[in-house]
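In case you want the letters, here they are:
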Amino acid sequence: MAPRRLLLVGEGNFSFAAALSETLDQNTRLIATCLQRPAELTRDPVARENLRYLRERGIDVRFGVDCTQLADVFELHDREFNQIYFNFPHCGRKAGVAKNRELLAKFFQSCADVLAEEGEVHVALCRGQGGTPADKPQREWHNSWQVVAMAALGGLILSDVYPFSCKAVPGYKCTGYRSQDKSFHVEGALNHVFTRSLPFEVSQPRIFRIKVGNQWFSFPEPEALVGKLNRGFLEAPSCHPIKTINEKLIAELGKAFPLKRLKCSFPLLPQEDANVLPFWNCDFLSAAFWISLHEDNSNSESLTGGTSQDVEDFLVSFSELGLPKNPGRDGKEEACEGTCGQAKVCLRPSLLVHVQDVIEVRDFLSGSLHILSGPVFQKCHILPFTMPAFHETLFILGFNQNLKDGCLQSLLDHLKGILDSLLTQTLLESSKLSSLVEFVLQSNGKDYMIRVKTHNFSPDCTEDLIIGSVTTSATSVIHKDQCFVFVSMNLDLLAMLVWCISDWRMLWTFDNRFLKNFVPGKIEPFKSHSLYPPCYVHDISFWIDEKKGFDELEFHTVARAVSQDTVISIQFLSHFQHPKTQQVSLCYRLTYQTCDKALTQQQVASMQSQFRKEIQQRLYVIPR
């Protein structure tokens, strides 16, 4: 087994290295370094004694090491450190926060050259310096060292933070306060642990192929959905929490109802289903992601260098329906612009589009719970608990009209009990309520929304969440004596509540550390591998063309696409009308923040610049 390699930089009197060396096993190699030359340390008796002790133990000690130029110090074969320590970094004397930020930024960038893939960088800072909510009290952002933002410049994220204790390292004496033989104030100090982030790269939409009949078509994934198609969270080998919560839900309902699980592979919506569901209207379609299918006569089984992407399960075609082919920005029908060899379809916005296919089957089993589960896609405003892609599970129950009230109430009672049980597993006893779930009757007097009281889960949740709906339908063409109830649930929201995941984007991360939080058979609160990511705020104002109108939903969708889902908030600031020209200007504030990757101020500035260009081209506005 390869030895663990530890690197200490910025050592003052080497007391930390001496104390740490006593805790190491034989499989660990320690290298202790400092910026000073040997002659500069001869006047310090503590440093001399520690250096003698380290040499006796065979510890590698190096002098004149600049922690901002580590690649110049270590050859390629001598890198790959498992842990790098920098305790109480400081530029010396009365250096201000700007100078110390610069030191941290260069240090983190230097660490990226010598850190092992799964290595850690430990940085101890005095109380308040880091600028994170872990500091008590927390300094104002502009007056802190902004340690997480500085680490992002080196592609690192904050993965843990805890109190720094000198008692845990007996014999350690931190010196060098303002370049003097004087200790730093370590009361309230914190140790910050950083790890590598997945690279933040400009993602190119993948090309997918689909077979309709005997003809192959291809299409690029929508920019706002990059990385969200064909993830397979619900497939057999997956251990994703989305699948776990779905299986738990189904298993519990199976104790009360016979189950029939259906394969979610409905390709196209037949014309006869067009007017069956009242919720399937132009407003619903206007939020759909429309795509153009292009004839693909290539013999290649894969495009963009990847494996063949079969996404037929996601597609719903409206080319044969008596509905608008492509709802325009003003709600009017737009003819599809496709020429010969092209077709307009949309990614399915809900599993409810498949209801009629299920209940019109002649061998439909009355009294059995029919189950469909799969991903759905719909445009939405950027809000904390709205998402353009999520996983839906749909329960369909048919029963004799004479038994309607009893069957419906039985289903709701069982569902309520199951949800309450799941949602209380991660709550403290003091926070638990008798019931967290309630069914809110709608104005039509027969349908319900499934609402969860969320204030017990997180202080960020100021409003209760709607996680699903219960819809009733009178009859089927084939099964005229039957009534049907459809229960649709957002599995992503449910998983967030059950595991206390604060950001829906974390469910879609490619970082393998995410899945390590979930132990089979146990439900414990989720702990993120990326703590306190910094926010970056940019304002934008633009003139609109009142004749063409302004599509705010599309404005949010473009922001989502350009920023790769790093815009977490869009706030309307002001409306201005020029007194002479009568032109109208709108102003919005965009807040950028990631949940799982390092994001720098420079990257955000580039995104904001691109966003200005995109809205000018797509939304016919003129940025100011």
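About the criteria used
Residues numbered from 1 in each chain as written. Predicted model: local features only at pLDDT ≥ 70, side-chain atom pairs only at ≥ 80, totals over all residues. Heavy atoms only, no water. Pairing = 2+ DSSP bridges. Helix = DSSP H or I, 4+ residues; strand = E, 2+ residues; numbered from the N terminus. Contact = heavy atoms within 4.5 Å. Axes fitted to C-alpha atoms, helices over the stretch in contact; angles between N-to-C directions. Buried < 20%, exposed > 50% of the residue type's maximum accessible area, 1.4 Å probe, protein only. Polar contact = N/O pair within 3.5 Å; in protein donor to acceptor, adjacent residues only side chain to side chain. Phe/Tyr/Trp six-rings, centres within 6.5 Å; stacked < 30°, edge-to-face > 60°. Lys NZ or Arg CZ within 6 Å of the ring centre and 35° of its normal. Expected span 1.5 Å × (residues − 1). Arc of directions from axis to C-beta.

- Within an unreviewed UniProt entry, the label attached to the protein reads Ferredoxin-fold anticodon binding domain containing 1, and the organism entered is Piliocolobus tephrosceles.

**Regarding the sheet that holds strand 22 (residues 584-592)**
Alright, step 1. With respect to topology, four strands assemble into an open sheet ordered 21-22-20-23, the strand pairing being antiparallel. The open sheet has two edge strands, strand 21 (567-577) and strand 23 (622-623), and neither has a second partner.
Alright, step 2. Note that strand 20 (residues 536-544) and strand 23 share two bridges and pair antiparallel. Pairing of Trp543 across the sheet is with Ile622, part of strand 23.
Alright, step 3. Running over the sheet, helix 12 (residues 552-562) touches strand 20, strand 21 and strand 22 and is turned about 135 degrees from strand 21.

**Considerations on unusual backbone geometry**
Alright, step 1. A cis amide bond links Lys136 to the next residue, Pro137, at an omega of -5 degrees.
Alright, step 2. Relative to the helices and strands, Pro137 resides in the loop between strand 5 (115-125) and helix 6 (147-152).
Alright, step 3. Its identity is not glycine, yet Gln146 carries a phi of approximately 50 degrees, on the positive side.
Alright, step 4. Structurally, Gln146 is set in the loop between strand 5 and helix 6.
Alright, step 5. Look at Gln146 and you get buried, because its relative accessible area is 11%.
Alright, step 6. Unusually for a residue other than glycine, Cys500 sits at a positive phi of about 55 degrees.
Alright, step 7. Positionally, Cys500 belongs in the loop between helix 11 (491-499) and strand 20.

**A closer look at the pairing of strand 19 (residues 482-490)**
Each regular strand displays side chains that alternate between the two surfaces of the sheet.
Alright, step 1. Taking burial as the measure, the nine residues of strand 19 include nine buried ones, the bulk of the element.
Alright, step 2. Burial of strand 19 is two-sided: the residues Gln482, Phe484, Phe486, Ser488 and Asn490 facing one way and the residues Cys483, Val485, Val487 and Met489 facing the other way are all buried.
Alright, step 3. Pairing geometry for strand 15 (residues 389-400) and strand 19, over nine bridges, is antiparallel. For Glu392, the partnering residue across the bridge sits in strand 19 and is Asn490.
Alright, step 4. The pairing of strand 18 (residues 465-473) with strand 19 spans six bridges and is antiparallel. Opposite Thr471, over in strand 19, you have Phe486 as the bridge partner.

**So, the side chain of His240**
Alright, step 1. Structurally, His240 is set in the loop between strand 9 (215-220) and helix 7 (241-253).
Alright, step 2. A distance of 3.1 Å separates a polar atom in the side chain of His240 from the backbone nitrogen of Ile242.
Alright, step 3. Residue contacts for His240: discarding those within four places in its chain leaves Phe233, Leu507, Phe514 and Leu515.

**Topic: the sheet that holds strand 10 (residues 259-261)**
Alright, step 1. If you walk across this open sheet you meet the seven strands as 10-14-15-19-18-17-16, and the pairing is mixed. In this open sheet, the two strands that pair with only one neighbour each are strand 10 and strand 16 (437-441). Across the sheet, the mean angle from the axis of one strand to that of its neighbour is 25 degrees, orientation sign disregarded.
Alright, step 2. As paired strands, strand 14 (residues 369-377) and strand 15 are joined by nine bridges and run antiparallel to one another. Paired with His370 across the bridge in strand 15 is Ile396.
Alright, step 3. Where helix 7 meets the sheet, it contacts strand 10, strand 14, strand 15 and strand 19, and its direction lies at approximately 10 degrees from that of strand 15.

**Quick notes on the environment of Gln577**
Alright, step 1. Mapped onto the elements of the fold, Gln577 is located in strand 21.
Alright, step 2. As for Gln577 and Trp543, which are separated by 34 residues in sequence, their C-alpha atoms are 9.3 Å apart.
Alright, step 3. Discounting residues that sit within four places of it in the chain, Gln577 has contacts with Gln582, Gln583 and Val584.
Alright, step 4. One polar contact links the side chain of Gln577 to the main-chain carbonyl oxygen of Gln582, over a distance of 3.1 Å.

**Looking at the packing of aromatic side chains**
The description of an aromatic ring pair uses the distance of the two centres, along with the angle that the planes make with each other.
Alright, step 1. Under the defined criterion, the tally for this structure stands at 26 aromatic pairs.
Alright, step 2. Members of the aromatic cluster, connected to one another through ring pairs, are Phe542, Phe550, Phe555, Phe572, Tyr588 and Phe611.
Alright, step 3. Of note, Arg231 hangs over the ring of Phe510, and the distance from its end group to the ring centre comes to 3.8 Å.

**Side note on helix 13 (residues 601-618)**
Alright, step 1. With 18 residues, helix 13 extends 25 Å between its outermost C-alpha atoms, agreeing within 8% with the 26 Å of an ideal straight helix rising 1.5 Å per residue.
Alright, step 2. Within the span of helix 13, buried status applies to Val604, Met607, Gln608, Phe611, Glu614 and Ile615. Seen along its axis, helix 13 keeps its buried residues to an arc of 130 degrees; they face one direction. Facing away from the buried side of helix 13 by more than 90 degrees, the exposed set consists of Gln602 and Gln617.
Alright, step 3. Those residues of helix 13 that are buried are in contact with strand 20, helix 12 and strand 22.
Alright, step 4. Two residues or fewer after helix 13 comes Tyr620, characterised by a positive phi angle close to 60 degrees.

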